[in-house]
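So you can see what is in the structure, the chains are spelled out below.
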Amino acid sequence: MVTRVARAYGDPERDERVMREAGEIITGGGLVAIPTETVYGLAGNALDPRASAKIYAAKGRPSDNPLIVHIARLEDMAYLVKDIPDNAYRLAESFWPGPLTMIMKKSDRVPYETTGGLDTVAVRFPSDPIAEEFILASGGYIAAPSANVSGRPSCTTAMHCIEDLSGRIDMIIDGGEVGIGLESTIVDLTGRIPCLLRPGYIGPEGLAKIIGELDIDPTVKGIASRDLKPKAPGMKYRHYAPRGELTLVKGSPDAVTDRINRMTEELEKKSRNVAVIASEENAAAYTCRDVYRIGGIGDEEGIAHRLFAVLRELDDRDTEYIFSECFDTPALGLAIMNRLIKAAGGRIIDLTEE
Ligand code: TXA
Ligand code: MG
């Protein structure tokens with residue numbers, strides 16, 4: 001299959017044509033990678049079981065891992081969901097269109113192929129204008145997981161989509177770099193108390209302000225284990241992972257730079273390919289040859305925005321061992337660390353405990 005790459009910004013006439021063609025691909029049962037404000041998504045018709053099957057195949061994703069259904073009109077939620085809870089309307093009013101996904105009871109119109117066999121459906125109304133136009137041009141109900149091949153870091157540029165999906169899907173819409181860089185916040189509204197399943201740009205405080213009580217799935221803060229199973233099936237897989245071995249080091253800046261320097265020096269002596277992911281403030285203190293400056297500690301949005309691109313670049317350079325600082329920043333720290341801990345497969349050296 002030849003994958004067409006088409007830019008969809010900057011030239012209204014062409015952009016409209018691209019959107020029309022993309023819409024025809026989707027209604028014809030095909031797949032298109034699209035930008036959203038969070039990360040790129042791999043889109044297919046959510047109401048077509050064969051399209052969902054194709055998405056799983058293109059990503060190499062286990063088919064028990066449900067897909068998010070994207071809409072571009074609030075009123076379309078009622079087509080997908082049975083018994084919409086009041087909290088859904090409240091959250092939608094505050095955060096849609098935007099980086100929030102809500103889990104609710106699915107209607108009979110949503111095929112089990114799309115929900116990974118579950119009786120619930122994840123619904124999201126993205127704010128990216130290209131995503132919005134695309135959804136409307138494609139029938140209104142779009143299943144879209146992140147556009148990465150299963151297990152790899154999510155795609156924040158069209159180039160990342162090309163790397164992962166070229167030859168496997170019909171089209172990639174290039175909308176430039178995404179804004180946020182981390183996937184949407186997921187909240188489960190099916191229980192008595194709403195529950196945060198995946199942290200994102202919208203934090204737990206923001207959600208609680210609107211709906212009052214909010215539980216946080218215990219796996220949000222760390223890695224899942226046999227006793228601790230996440231409620232979002234996708235969060236149980238090792239995810240966002242670079243091919244090299246990533247280790248996180250937690251502690252005071254001096255203790256962290258010191259420990260990382262000792263480890264990288266040891267490995268570089270053995271001619272291993274090693275890199276460090278560092279904040280702007282500490283970067284100069286590392287002796288390692290390869291130091292990735294991910295951003296200033298005060299620039300949480302910048303760190304979130306660059307995280308997946310940095311992990312992918314480390315792959316491009318065949319880095320074998322990666323050491324990273326922890327970024328427990330006030331607003332986005334929960335989301336950033338959730339991704340980093342998964343990317344590290346739970347490998348953390350905690351110097352605050354020594
Ligand atoms: O920002 C995003 O949400 C991006 C863009 C493309 O919209 N999409 C995305 O999809 O991150 P994906 O498939 O990579 O992650 C969806 C997560 C998975 O962990 C999945 O298990 C969970 O949502 N999920 C989907 N439907 C669910 C359901 N019915 N119940 C519980 N978890 C669900
Ligand atoms: Mg994903």
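Residues numbered from 1 in each chain as written. Chains lettered and ligands numbered in written order. Predicted model: local features only at pLDDT ≥ 70, side-chain atom pairs only at ≥ 80, totals over all residues. Heavy atoms only, no water.

## Digging into the overall build of the protein
No. 1: Along the backbone of the protein there are 10 helices and 16 strands.
No. 2: By the compact-globule yardstick of 20 Å for 354 residues, the protein fits well, its C-alpha radius of gyration being 20 Å.
No. 3: Here the C-alpha coordinates of the protein stretch approximately 60 × 50 × 35 Å along the principal axes.
No. 4: By the burial criterion, 58% of the 354 residues in the protein qualify as buried. (Helix = DSSP H or I, 4+ residues; strand = E, 2+ residues; numbered from the N terminus. Rg over C-alpha atoms; globule rule 2.2 N^0.38 Å. Buried < 20%, exposed > 50% of the residue type's maximum accessible area, 1.4 Å probe, protein only.)

## A look at the sheet that holds strand 1 (residues 4–7)
No. 1: Spatially, 11 strands are ordered 1-8-2-3-7-4-6-5-9-10-11 in an open sheet, and the strand pairing comes out mixed. What marks the edges here is a single partner per strand, and that holds for strand 1 and strand 11 (215–216).
No. 2: The sheet contact formed by strand 1 and strand 8 (residues 171–174) spans four bridges and is parallel. By the bridge assignment, Ala6 is partnered in strand 8 with Ile173. (Pairing = 2+ DSSP bridges.)

## Here's the deal with the pattern of salt bridges
Oppositely charged side chains are able to pair whenever their charged atoms sit close together.
No. 1: Counted under the stated rule, the structure contains 19 salt bridges.
No. 2: In this structure, Arg293 engages Glu280 in a salt bridge whose closest nitrogen and oxygen atoms are separated by 2.6 Å. Of this pair, Arg293 sits in strand 14 (residues 291–295) while Glu280 sits in the loop between strand 13 (274–279) and strand 14, and the two are 13 residues apart along the sequence.
No. 3: Take Glu280: its relative accessible area is 38%, and that puts it in the partly exposed class.
No. 4: Across the salt bridge formed by Arg317 and Asp290, the nearest N and O atoms sit 3.0 Å from each other. Of this pair, Arg317 sits in the loop between helix 9 (300–316) and strand 15 (321–325) while Asp290 sits in the loop between strand 13 and strand 14; the two residues are 27 residues apart in sequence, bridging distant segments of the chain. (Salt bridge = Lys/Arg side-chain N within 4 Å of Asp/Glu carboxyl O.)

## Side note on the site of ligand 1
No. 1: Neighbouring ligand 1 are 27 residues; Thr38, Asn65, His70, Ser184 and Gly234 lie closest to it.
No. 2: One of the side-chain nitrogen or oxygen atoms of Ser184 is found 2.5 Å away from an oxygen atom of ligand 1.
No. 3: Protein chains bury 97% of the 680 Å² of accessible surface belonging to ligand 1 in isolation.
No. 4: For the shell around ligand 1, the elements supplying multiple residues, two or more each, are strand 4 (68–70) and strand 6 (120–124). (Near = heavy atom within 4 Å. Polar contact = N/O pair within 3.5 Å; in protein donor to acceptor, adjacent residues only side chain to side chain. Areas by Shrake-Rupley, 256 points an atom, 1.4 Å probe, with all protein chains shown as cover.)

## Looking at the nonpolar core
No. 1: Leu91, Trp96, Leu100, Met102, Phe134 and Ile173 are the most contacted members of the largest nonpolar core, which totals 62 residues.
No. 2: Leu100 has contacts with Leu91, Phe95, Val123, Arg124, Phe125, Ser184, Thr185, Val187, Ile202 and Leu207, leaving out every residue within four places of it along the chain.
No. 3: Counting 27 residues, the second-largest nonpolar core is a separate cluster that includes Leu182, Tyr292, Ile294 and Leu314. (Core = buried A, V, L, I, M, F, W, Y, C linked by side-chain atoms within 4.5 Å. Contact = heavy atoms within 4.5 Å.)

## A short note on the domain arrangement of the protein
It is common to give the size of an interface as the accessible area that goes away when the parts come together.
No. 1: Per the domain assignment, the segments of the protein are domain 1 (4–221) and domain 2 (245–353).
No. 2: Between domain 1 and domain 2, the C-alpha centre-to-centre distance is 29 Å.
No. 3: Taken together, the 27 residues of domain 1 in the interface contact 18 residues of domain 2.
No. 4: Across the interface of domain 1 and domain 2, roughly 1,800 Å² is buried in total on both sides, 54% from carbon and sulfur atoms.
No. 5: Summed over the shared surface of domain 1 and domain 2, the number is four salt bridges.
No. 6: Taking the shortest distance from any N to any O, the salt bridge between Arg312 and Asp164 comes out at 2.9 Å.
No. 7: Elements that contribute at least two residues to the side of domain 1 that touches domain 2 include exactly helix 6 (158–165) and strand 10 (195–198).
No. 8: Ranked by the residues each element gives to the side of domain 1 that touches domain 2, the list is headed by helix 6, at three residues.
No. 9: Across the side of domain 1 that touches domain 2, the residue classes break down as 11 nonpolar, nine polar and seven charged. (Domains from an automatic or database assignment. Buried area = accessible area lost by both parts, 1.4 Å probe. Nonpolar A, V, L, I, M, F, W, Y, C, P; charged D, E, K, R; others polar.)

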